[in-house]
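Per-entry structural report
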Amino acid sequence: QVQLVESGGGLVQPGGSLRLSCAASGTFFSINVMGWYRQAPGKERELVARITSGGTTNVADSGKGRFTISRGNARNTVYLQMNSLKPEDTAVYYCKANVWTGAVRDDYWGQGTQVTVFS
């Protein structure tokens, strides 16, 4: 069983910053790709950024120049530094991890953390 727990969401004014964290726990062998997705009301879930175990990153156009994704030294944590936040960044942000348990490889999701950017 693998659990992902996100933290760091909240309320912020436009131009502000937030840092999201996600930690994976449970029984697993390794984690390949970790990423952040978001879903705004009435919209589909979309990729925000992802990072491989080797450190290769991919940031969606909406966050380029503003968002930075990184992984912790323990490799089971992922962070999303969000700067210059805009109202359109308001959404529930979800962490996703592609996990090798030693028997199967599967994707796991966190419960989500709310980010609200308001004037």
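Residues numbered from 1 in each chain as written. Predicted model: local features only at pLDDT ≥ 70, side-chain atom pairs only at ≥ 80, totals over all residues. Heavy atoms only, no water.

Scanning the protein chain for helices and strands turns up zero helices and eleven strands. Each helix and strand of the protein chain, ordered N terminal to C terminal, gives the series β-β-β-β-β-β-β-β-β-β-β. Seen through its C-alpha atoms, the protein chain measures out along the principal axes to roughly 50 × 25 × 20 Å. When burial is assessed residue by residue, the protein chain has 39% of its 119 residues classed as buried. For the protein chain, the share of sequence-separated contacts (at least 6 apart) that also reach a separation of at least 24 residues comes to 54%. (Helix = DSSP H or I, 4+ residues; strand = E, 2+ residues; numbered from the N terminus. Buried < 20%, exposed > 50% of the residue type's maximum accessible area, 1.4 Å probe, protein only. Contact = heavy atoms within 4.5 Å.)

Attention now moves to the sheet that holds strand S7 (residues 67-71). Spatially, four strands are ordered S1-S3-S8-S7 in an open sheet, and the strand pairing comes out antiparallel. Both edges of this open sheet fall to strand S1 (2-7) and S7, since each of them pairs with a single strand only. Direction aside, neighbouring strands of the sheet carry axes that sit 15 degrees apart on average. The sheet contact formed by S7 and strand S8 (residues 77-82) spans five bridges and is antiparallel. Bridge pairing in S8 links Ile69 to Leu80. (Pairing = 2+ DSSP bridges. Axes fitted to C-alpha atoms, helices over the stretch in contact; angles between N-to-C directions.)

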